[in-house]
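Chain by chain, the residues run as shown.
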Amino acid sequence: MFRTALRNVLAHKARLAMTVLAVCLGVAFVCGTLVFADSSAAAYRAAVSKDFADIAVTVTPKDPPPGAAAAQLPSVLDDALAKKLADVSGVAAVRPLADGSAVLNAADGTPLRAGKAWANPGAAYVPGKDGKDSRYPLIKGHAPRNGDELAVDSGTAAAGHFGIGDMITLATDGPVMTKRLVGIVTTEDTRVTAGGTLALFDKATAQGLFASPGHYTGIDLSAAPGADQFELSRRVTDVLPADRAEAVTGTDQASRQAVYVDTVTRGYEKLPMIFAGVSLFIGSFLVVNTFTMLVTRRTREIALLRAIGAARRQVVRSVLLEALLIGLAASAAGFLLGLGIASVLPGLLSTAGDTLPNGPLVIGPLPVVAALGVGVGVTMLAAWLPSRRAAKVAPIEAMRSAEQPPCATRSRWRGGVGLALLVLGVGLLVSLTGAKDASVENLRNAMLGCAALVVAMIMLAPLLAAPVIRLTGRLTGRFGVTGHLARENALRDPRRTAATAATLMISTALVAGLAVIGNSTGQALDRQAAAGLGADYVISTRTAMTGIDPAAVQRVADTSGVRTAAAVTDSVLFIGGSVQGISGVDPDAVEATMKLDFVSGSLADLGPGRIAVSAAIARQHGVSAGGKLGARMGRDQDFRQYTVVGVYKDNPTAHEALGARTEVQRNSFKPGSVQRILVRTDGGAASRTTEERLRTAVGNSPLVKVQDRKELVREAAGTVSDLLTLMYGLLAIGIVIASLGIVNTLAMSVSERTREIGVLRAIGMDRTGIRRMIRLESVTVAAFGTLLGLAGGLFGAWAVGALANGAIERYALALPWGTLLLVCVASLVIGAVAAVLPARWAAALSPLEAVAEA
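Figured I'd write up the structure that's included with this text. (Residues numbered from 1 in each chain as written. Predicted model: local features only at pLDDT ≥ 70, side-chain atom pairs only at ≥ 80, totals over all residues. Heavy atoms only, no water.)

What to know about the pattern of salt bridges
Step number 1: Counted according to the given criterion, the structure contains 12 salt bridges.
Step number 2: For Arg492, the salt bridge goes to Glu756, with nearest N and O atoms at 2.8 Å. Of this pair, Arg492 sits in helix 15 (residues 481-492) while Glu756 sits in helix 23 (residues 754-762), and the two are 264 residues apart along the sequence.
Step number 3: Arg680 serves as the salt-bridge partner of Asp536, at 3.8 Å between the closest nitrogen and oxygen. Highlighted residues: Asp536 in the loop between helix 16 (494-532) and strand 13 (537-541) and Arg680 in strand 21 (residues 676-681), separated in sequence by 144 residues.
Step number 4: Taking the relative accessible area as the measure of exposure, Asp536 reaches 8% and is therefore buried.
Step number 5: On the basis of relative accessibility, which here comes to 26%, the residue Arg680 falls in the partly exposed class.
Step number 6: Here the residues in one salt-bridge network are Glu231, Arg234, Arg235 and Asp238, joined through shared partners. (Salt bridge = Lys/Arg side-chain N within 4 Å of Asp/Glu carboxyl O. Helix = DSSP H or I, 4+ residues; strand = E, 2+ residues; numbered from the N terminus. Buried < 20%, exposed > 50% of the residue type's maximum accessible area, 1.4 Å probe, protein only.)

Here is the structure:
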């Protein structure tokens, strides 16, 4: 039986190759996703981490106690403490640190790797006794010696197109600085090797930028041979000023970092893994359909094997052995293809506004095991049902040549289960229409409803094939006899037609549903931005922990063409157990730049101790204008009773609460800072000239963004848009598998109907007619899958849209007619293209040889 199985694989290698390809694509996604997840985690771990291998203890300043300002308690990490730590027993070396974040502008003025805290390290170049810093070997020029000089690493120099002697603009937190590049270094800092930039200053300048003059941000200590780092930490703590500094072991730092990296990278593999499952699910239909048709075509062969003594178990083993060989081939090819997918996924995901760090591929044992388990497992599971059906073939079947009709009991059972699942899925999805939030329970119901709906459509597809194809057959009937024959061929075996169309149906449903949700979300964000923003430009920081130079506010206000410039300070408001955003504004200036629609009260009485809140906060905490709300603002340690002076409709520009700017600035984590400047121009419209003037007013700072309304809407919808683009790309794999299924089915159908095609040729149908008949049959199957997919996708998008309506203000269902039309046309084109080879094979048959085939 082994030789029989191997002979069957070799005899049908052309058809089985398409099955191998389908399973290969699913395996590739699983393996590629696992390799990508491991590689991304390793790269991110390298990007955000320090190498703690040679660090036993790190000394860092403690946060000031509640109510004490940082200026009142200056850092104790200075040269005197460093010398004291060097005398502690067990300390081998002391390395003072003065580091932070510094964002550089490239030679063309664009920021380098802005928006990522890990990607822009800035540090002090601290020469040793030999005049060199071993952490940063110089390869060109010399080390920075004063506040006007700067050194960068070779990667930063290449990315920014810098050369020795160039003037570089940069910013750490505040005004823009310009420094001359005097040196280029190399480094093994993993944050830099992962794709970040590096800016090196002389020690005094770095201390002034990142700590305070004469002080450090931390002190790393390495241990002498044989010293225990926990005992060393205790000794170091004994010499530190109480409540002013703390000692943390390298092991503790590494553990905290591992937890952080795991949290950050946990979601990287989820989206690709979903589509790996989709690819395998779709591919399983192709495998089942292929083996079902192969077993059906070999009915007489299997019956003869049974007649000469083959047991049912041997027949099952024979079919499963064929599946095993195919699965092994698919696993090997899928694993290699998965490595390619893993190498391109970081670039695709980085377009979603989340630039991922660089790093090598990490190939662990799990992807290899997954390749074999998924490839072989899915293939053998998909082949199990046809193998059982093959084992039930009685020897007497060898005397029959006609196809046996499907079992009526099985059809009724399938229809009953499909109808029950349809009712369940529709019921779960309809129940979501009254939901107003994306709670865990609602999301679970949405996923269960969609899954039940998909399975129901698959089970009911054979029953729906006849009426739907007869309806679409009116179009193919316009092509005369070939059109009628194409329709009848598609109706000949509804189960086969449904199985072939199922792959295209699932892909079409996903694409149509995502297109509707994406289009509706984009339009909702557009309306939301237009409704809440009255400014023509918004100047904001790229990261939450930085601020705009306060002096820039007046420069922006004095810029030609600017009517109003409203400074906004953003902070947080702790209300009960929740954290909400609060914007500090000047009431007179904000009226022209924010479109606030007050339900009650106004901003007229805004001031210290008095705030305005959004309608959502008012509902959640049961307050109204004139009432009291207990909250804690920013770094203020005390909860206070704030008077609510007004309640406004939810507004993303205003955040959840509005306060007086002076009070919010005083309690901000960065006292006196400004995070946004809302700009209203004289012309009321954006222009390139005005934008350039505004950029000049803020000093072309790499920390600052200048965006008009369109750019703000694009940014708000950017993540959704880029994510949908990625989804479409991944779903294209499903469409490829669907086209392979159509090719496979038609090719085997042509082989089964060899005599029939020979008779048609013998009675006068030419080769053109044969090709047209096969193409129309393929288009008919594609149209059937497309119609079911569109119906399911649109219904799912309508029901699931209720969850988005609770999360996004002004969400409303908006059908992207152009995209849906493109999906329909593309599906029909796929059907026509998939028929090219089978139609050519059918037309090439010799009439006499075809009729004479036994």
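Points about the pairing of strand 18 (residues 628-633)
Strand residues, when the strand is regular, have side chains that alternate between the two faces of the sheet.
Step number 1: Summarising the sheet, strand 14 (residues 562-575) and strand 18 pair through two bridges and their orientation is antiparallel. Bridged to Leu573 within strand 18 is Met633.
Step number 2: Direction of pairing for strand 18 relative to strand 19 (residues 640-648): antiparallel, over a ladder of four bridges. Counterpart to Leu629 in the pairing with strand 19 is Tyr642.
Step number 3: Connecting strand 18 to the antiparallel partner strand 19 that follows it, the hairpin turn spans six residues, and Gly634 within it adopts a positive phi of roughly 55°. (Pairing = 2+ DSSP bridges.)

Focus: the sheet that holds strand 1 (residues 57-61)
Step number 1: If you walk across this open sheet you meet the four strands as 2-11-1-12, and the pairing is antiparallel. Since the sheet does not close on itself, it has two edges, and those belong to strand 2 (91-97) and strand 12 (245-249), each with one partner. Neighbour-to-neighbour, the strand axes of this sheet turn through a mean angle of 20°, independent of strand direction.
Step number 2: Its contacts with the sheet put helix 7 (residues 229-239) on strand 1, strand 2, strand 11 (218-223) and strand 12, and the angle it makes with strand 12 is roughly 175°. (Axes fitted to C-alpha atoms, helices over the stretch in contact; angles between N-to-C directions. Contact = heavy atoms within 4.5 Å.)

Topic: helix 26 (residues 836-843)
Step number 1: Buried within helix 26 we find Pro838, Ala839, Ala842 and Ala843. Buried residues of helix 26 fall within an arc of 130° about the axis and therefore sit on the same side. (Arc of directions from axis to C-beta.)

Let's talk about the nonpolar core
Step number 1: Counting residues in hydrophobic clusters, the biggest one holds 37 residues, and the most contacted among them are Val59, Leu104 and Val236.
Step number 2: With 21 residues, the next largest nonpolar core counts Leu429, Ala446, Ile506 and Ala799 among its residues. (Core = buried A, V, L, I, M, F, W, Y, C linked by side-chain atoms within 4.5 Å.)

As for the side chain of Thr643
Step number 1: Examined against the element boundaries, Thr643 turns out to sit in strand 19.
Step number 2: Among the polar contacts listed, one links the side chain of Thr643 to the side chain of Lys628, at a separation of 2.7 Å.
Step number 3: When residues no more than four places from it in sequence are discounted, the contact partners of Thr643 are Gly609, Arg610, Ile611, Gly627 and Lys628. (Polar contact = N/O pair within 3.5 Å; in protein donor to acceptor, adjacent residues only side chain to side chain.)

Don't take any of this as a statement about function, it's just geometry.
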